[in-house]
Amino acid sequence: LRGGGEVGKDRCCPNSLFGMGNPLLDISAVVDKDFLEKYGLKPNDQILAEDKHKALFEEIVKKFKVEYHAGGATQNSIKIAQWMIQDPHKVCTFFGCIGEDKFGEILKQKADEAHVDAYYYEQTEEPTGTCAACITGDNRSLVANLAAANCYKKDKHLDLKENWKLVEKAKVYYIAGFFLTVSLESILKVAKHASENNKLFTLNLSAPFISQFFKDALMEVMPYVDVLFGNETEAATFSKEQGFQTEDIEEIAKKAEALPKVNKKRPRIVVFTQGKDGTIMTKGDKVETFPVLKIDQKDIVDTNGAGDAFVGGFLSELVQDKELEQCVKAGHYAANVIIRRAGCTFPEKPDFH
């Protein structure tokens, strides 16, 4: 996985990590069981809002104490990676679509504060997307109303010369599977660029519904994937949908690794997290398990963003050409920090070595 012979800090040039996804404003609140039942939500899940959820967004604001955080899976990971890197600023680029409205302004401001180079495609047809994070105990049920995020257009944004230049500057790319529901052609354009130039393209399985209902799109992108992320639930659904005929997570990882791949210069790496259980990673023909950092149950404030944080930590080391073991370690560190706080937020500086 090592890049060229760059040394020290210079390896992290501005715009060397590129992310594209659904920018959402998280509206998070601790809710009760009745609220989940009313809207037919599972305590731990991620779904796209349907008509029956429309009233949920108003009710959660009226009924509970809400906090607003800049969110969206890819944007979270990119922000965490930038936070872990610290200097220089704007190592991370982010593309996504927002509305010209108050929530869009908040997202721009938050990206700026996080020192992320965010280039949003702004349009007026749809408002900025939101995601209700309904928290009960240490579970979180996420309901995303994509709205503007769903309006990302390759020809209106990604293809523009000045924007594509930023894509070309990157050496590591990350897109959460959620974006497969928005713009498959944008993902493929980036993925093919990475593959043709022997750069690293990374993807997240993101949620069980992606492997189920967007299977064709997912499998169109899979041949370009150098690093595949997911958690144990997503891995199990992926295995079922692919007919792997196994529920053993190590076997699933091996089979995912062995799926067809365009760029033969790099073996595919598969990384599956399992909450408080060890993270597993394929390496050649073996699968290794890495224990997560211990945390006392009472120190867990909110697990929302833990998976995104893991990926962000991992990417922050990957973009600096560090060993894979070090990438996992950074992922565990970032997730451990995030679950002690509300939303996907972090202290001023990381304490990671």
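Residues numbered from 1 in each chain as written. Predicted model: local features only at pLDDT ≥ 70, side-chain atom pairs only at ≥ 80, totals over all residues. Heavy atoms only, no water.

The condition that has to hold: UniProt positions are given in the numbering used here, feature names are shortened, and annotations may be inferred rather than shown by experiment.
For the protein chain, an unreviewed UniProt entry supplies the name Adenosine kinase and the organism Oncorhynchus mykiss. UniProt, in the comment section headed Pathway (unreviewed entry), describes the protein chain in these words: "Purine metabolism; AMP biosynthesis via salvage pathway; AMP from adenosine: step 1/1." Per UniProt, the protein chain has the following entry under Subunit (unreviewed entry): "Monomer."

### What to know about the nonpolar core
Just so we agree on the cut-off: Only buried residues count toward a nonpolar core. Its members are Ala, Val, Leu, Ile, Met, Phe, Trp, Tyr and Cys residues joined through side-chain atoms within 4.5 Å. Categorising residues by exposure relies on relative accessible area from a 1.4 Å probe, with only protein chains included: less than 20% of the type maximum marks a residue as buried, more than 50% marks it as exposed, and the intermediate range marks it as partly exposed. In this analysis, two residues are considered to be in contact whenever any of their non-hydrogen atoms come within 4.5 Å of each other.
Ranked by internal contacts, the top residues of the largest apolar core, which has 92 residues, are Phe 201 and Phe 314. In this structure, Phe 314 is in contact with Val 227, Phe 229, Val 271, Met 281, Leu 324, Cys 327, Val 328, Ala 330 and Gly 331, ignoring residues within four places of it in sequence. Grouped together as the second largest cluster of nonpolar side chains are 15 residues, Ile 27, Tyr 39, Ile 60 and Phe 64 included.

### Quick word on the sheet that holds strand β2 (residues 24-30)
Heads up, the condition is: Two strands are said to pair when DSSP picks up at least two bridges between them. Where helices and strands are cited, they refer to DSSP runs of H or I of at least four residues and of E of at least two residues respectively, numbered from the N terminus. A fitted line through C-alpha atoms represents every axis, and for helices the fit uses only the stretch in contact; the resulting angles, taken between N-to-C directions, go from 0 to 180 degrees.
Sheet architecture is open: five strands sit in the order β3-β8-β7-β2-β4, paired in mixed fashion. The open sheet terminates on both sides in strands that have one partner only, identified here as β3 (45-48) and β4 (67-71). Between one strand and the next, the sheet's axes are offset by a mean angle of 20 degrees, whatever the strand orientation. In this structure, β2 lies alongside β4, joined through five bridges in antiparallel fashion. Within the sheet, the bridge partner assigned to Leu 25 lies in β4 and is Ala 70.

### Here we look at the UniProt feature "active site" (unreviewed entry) in the protein chain
Formally: Throughout this description, a polar contact denotes any pair of N or O atoms lying within 3.5 Å of each other; where both atoms belong to protein, one of them has to be capable of donating a hydrogen while the other can accept it, and for residues adjacent in sequence the pair is counted only when both atoms sit in side chains.
UniProt tags Asp 308 as "active site" (unreviewed entry). Asp 308 sits in the buried class, given a relative accessible area of 16%. If sequence neighbours within four positions are ignored, Asp 308 has contacts with Ala 73, Asn 76 and Ser 77. Engagement of the side chain of Asp 308 in a polar contact is seen with the side chain of Asn 76, the distance being 2.9 Å.

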